[in-house]
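Read off the chains here:
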Amino acid sequence: MFLHDKHGRRISDLRISITDRCNYRCVYCRSGSDGPQFPEMPIADYLRMAKVFVELGITKVRLTGGEPLLRKGLVEMVRDLAQMRTLEGAPLDIAITTNGHLLADMAQPLADAGLSRVTVSMDAVDPERFARITRVANGYEKVLAGIRAAQLAGLDPVKINCVLLRGFNDDQIAAFGRFARAEGVVVRFIEFMPLEEDRVWSPEIVITLDEILRRMAEFMSLREIGHTGSETARRYVFEDGIGEIGIIAPVSHPFCGHCSRVRVTSDGKIRTCLFSVREHDLAALMEAGASDDQLADFLRGVVDQKEGRHHIGEPGFIPASRTMVHIGG
Ligand code: SAM
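Residues numbered from 1 in each chain as written. Predicted model: local features only at pLDDT ≥ 70, side-chain atom pairs only at ≥ 80, totals over all residues. Heavy atoms only, no water.

K.L.:
How would you summarise the overall build of the protein if you had to cite specific residues and measurements?
P.N.:
Regarding its fold elements, the protein presents ten helices and twelve strands. Since a compact globule built from 329 residues should have a radius of gyration of about 20 Å, the 19 Å found for the protein is in line with a globular shape. The C-alpha extent of the protein, read off along each of the three principal axes, is 55 × 45 × 40 Å. Considering the protein as a whole, with its 329 residues, one finds that 54% of them fall into the buried category. At a minimum sequence separation of 6, the contacts of the protein that also span at least 24 residues come to 73%. Accessible surface for the protein amounts to roughly 13,600 Å². Of this, 52% is attributable to carbon and sulfur atoms. Each charge sign in the protein was given a centre, from 41 positive and 45 negative side chains, and these centres are 1 Å apart. (Helix = DSSP H or I, 4+ residues; strand = E, 2+ residues; numbered from the N terminus. Rg over C-alpha atoms; globule rule 2.2 N^0.38 Å. Buried < 20%, exposed > 50% of the residue type's maximum accessible area, 1.4 Å probe, protein only. Contact = heavy atoms within 4.5 Å. Areas by Shrake-Rupley, 256 points an atom, 1.4 Å probe, with all protein chains shown as cover. Lys, Arg positive; Asp, Glu negative; His and termini not counted. Charge placed at Lys NZ, Arg CZ, Asp CG, Glu CD.)

Now the structure itself:
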């Protein structure tokens, strides 16, 4: 009854991009100017898709983008998602990934609406470097205020996503260690993947899990804590027990064998892998008047065909058909 693919993986985790607009232009993600954007669907359409997925066994929904906090109706959307129940009768686990720029004012309403967790992306812990990465002035203070508002609203622990690029922000590793300890956030380093608009990725730029561990140990030793197979992040605490670090290593230690994800793009296409070169048009099916049962049959067939793994760094690697900002990270 649950969604499975032909490799035997259970699909329990849905990511919905509710817009591909973004108010940041992070250098490793977007180009310096706005390119073409994909259409956005009415929020009600994402909710209908989510409901069909939940009836197929999805237990976690993450809203992303683009920048999801730019989308009007987000709080109401979270409230409607919070009314849904998993097949086991539990509330959905509802998360948002955001750059945090607008979070200070929205954290409490989102928490009140039923948001379970928030992940804030942050690639430097000093204001000047932060501005160079995001290409936005005065963002750092806003994001910091957003993180603190999320903690106060009970969205605790706040997770921070940080993508390190060699020669650009990899000198921030120890500073992030201090930040995790001082702010009580979980800092998760994500290895840079070839999903950027400017096509600058090369293996040499990636700061791998092994290197992060080695360099963080120069600041303070880490101890690994329990790792379940389905978790994407390897988790560590500092030797004195204060401060948690996670490392998500899709490049050096791929975890495709445990992937439980499927994605909906802002224009209603299903992507079964970040690196998919083919999408499946759920929005068109809805527009054509398909019933929920027909949508569910379609999704079962699509998910069955989920890619076995990505091919980052291999000869003949074919880039994904969209970049990260248009997929939804
Ligand atoms: N705007 C939101 C944000 O900033 O978190 C959500 C969308 S953003 C695309 C989601 C996540 O993808 C961010 O944590 C970002 O750092 C990460 N990301 C973007 N491009 C990436 C890449 N090429 N490799 C690894 N992570 C990337």
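K.L.:
Just give me the short version of the site of the ligand, but keep the residues and values in it.
P.N.:
Near the ligand, the surroundings consist of 18 residues, among which Tyr28, Gly66, Glu67, Ser121 and Met193 are the closest. Here a nitrogen atom of the ligand sits 3.0 Å away from a polar atom, N or O, in the side chain of Glu67. Protein chains shield 95% of the accessible area of the ligand, which is 550 Å² for the free molecule. Among the elements of the structure, strand 3 (93–98) and strand 5 (159–163) are those that each provide at least two residues to the shell around the ligand. Across the shell around the ligand, the residue classes tally to seven nonpolar, nine polar and two charged. (Near = heavy atom within 4 Å. Polar contact = N/O pair within 3.5 Å; in protein donor to acceptor, adjacent residues only side chain to side chain. Nonpolar A, V, L, I, M, F, W, Y, C, P; charged D, E, K, R; others polar.)

K.L.:
Tell me about the pattern of salt bridges, residues and numbers included.
P.N.:
Following the criterion strictly, the structure yields 24 salt bridges and no others. Between Arg261 and Asp13 there is a salt bridge; the shortest N-O distance is 3.4 Å. Of this pair, Arg261 sits in strand 10 (residues 261–264) while Asp13 sits in strand 1 (residues 13–17), and the two are 248 residues apart along the sequence. Residue classification places Asp13 among the buried residues on the basis of a relative accessible area of 8%. Across the pair Asp267 and Lys269 runs a salt bridge whose closest N-O atoms are separated by 3.3 Å. Judged by its relative accessible area of 9%, Asp267 falls in the buried class. The exposure class assigned to Lys269 is buried, which follows from its relative accessible area of 19%. (Salt bridge = Lys/Arg side-chain N within 4 Å of Asp/Glu carboxyl O.)

K.L.:
Tell me about the pairing of strand 5, residues and numbers included.
P.N.:
The buried count for strand 5 comes to four of five residues, which makes it a mostly enclosed element. Bridge count between strand 4 (residues 117–121) and strand 5: three bridges; the pairing is parallel. Following the sheet pairing, Ser121 is matched in strand 5 by Asn161. Of the strand pairs in this sheet, strand 5 and strand 6 (residues 186–190) are connected by five bridges, and their pairing is parallel. Across the sheet, the residue bridging to Asn161 is Arg188, located in strand 6. Taken together, strand 5, helix 6 (residues 173–183) and strand 6 constitute a β-α-β crossover, and its handedness is right-handed. (Pairing = 2+ DSSP bridges. Right-handed = clockwise from strand over helix to strand, strands pointing away.)

K.L.:
I'd like a rundown of the environment of Arg309, residues and numbers included.
P.N.:
Here Arg309 shows up in the loop between helix 9 (292–304) and helix 10 (324–327). Along the chain, Arg309 and Cys273 lie 36 residues apart, while their C-alpha atoms are 8.2 Å from each other. For Arg309, the residues in contact, after removing those within four places along its chain, are Cys256 and Glu314. At a separation of 2.6 Å, a polar atom in the side chain of Arg309 contacts the side chain of Glu314.

K.L.:
Run through the sheet that holds strand 1, naming residues and quoting values.
P.N.:
If you trace the twelve strands from one edge of the open sheet to the other, you get 7-8-9-6-5-4-3-2-1-10-11-12, paired in mixed fashion. In this open sheet, the two edge strands, each paired with only one partner strand, are strand 7 (222–225) and strand 12 (280–281). Bridge count between strand 1 and strand 2 (residues 60–64): five bridges; the pairing is parallel. Across the sheet, Ser17 pairs through a bridge with Thr64, a residue of strand 2. Packing against the sheet, helix 6 makes contact with strand 5, strand 6, strand 8 (233–238) and strand 9 (244–248), and its axis sits at approximately 150 degrees to strand 6. In this fold helix 7 (residues 209–219) packs onto strand 6, strand 7, strand 8 and strand 9, with an angle of close to 10 degrees to the strand it touches most, strand 8. (Axes fitted to C-alpha atoms, helices over the stretch in contact; angles between N-to-C directions.)

K.L.:
Account for the packing of helix 1 (residues 43–55) against helix 9, naming residues and giving values.
P.N.:
It is the contact of helix 1 with helix 9, at a shortest axis distance of 10 Å, that shows an interaxial angle of 65 degrees. For the element pair helix 1 / helix 9, the angle class is roughly perpendicular. In terms of crossing hand, the pair formed by helix 1 and helix 9 is right-handed. Facing helix 1, whose interface residues are Arg48, Lys51, Val52 and Phe53, helix 9 presents Asp292, Leu295, Ala296 and Leu299. (Parallel < 35°, antiparallel > 145°, perpendicular 65-115°, else oblique. Left-handed = near helix turned anticlockwise from the far one by under 90°.)

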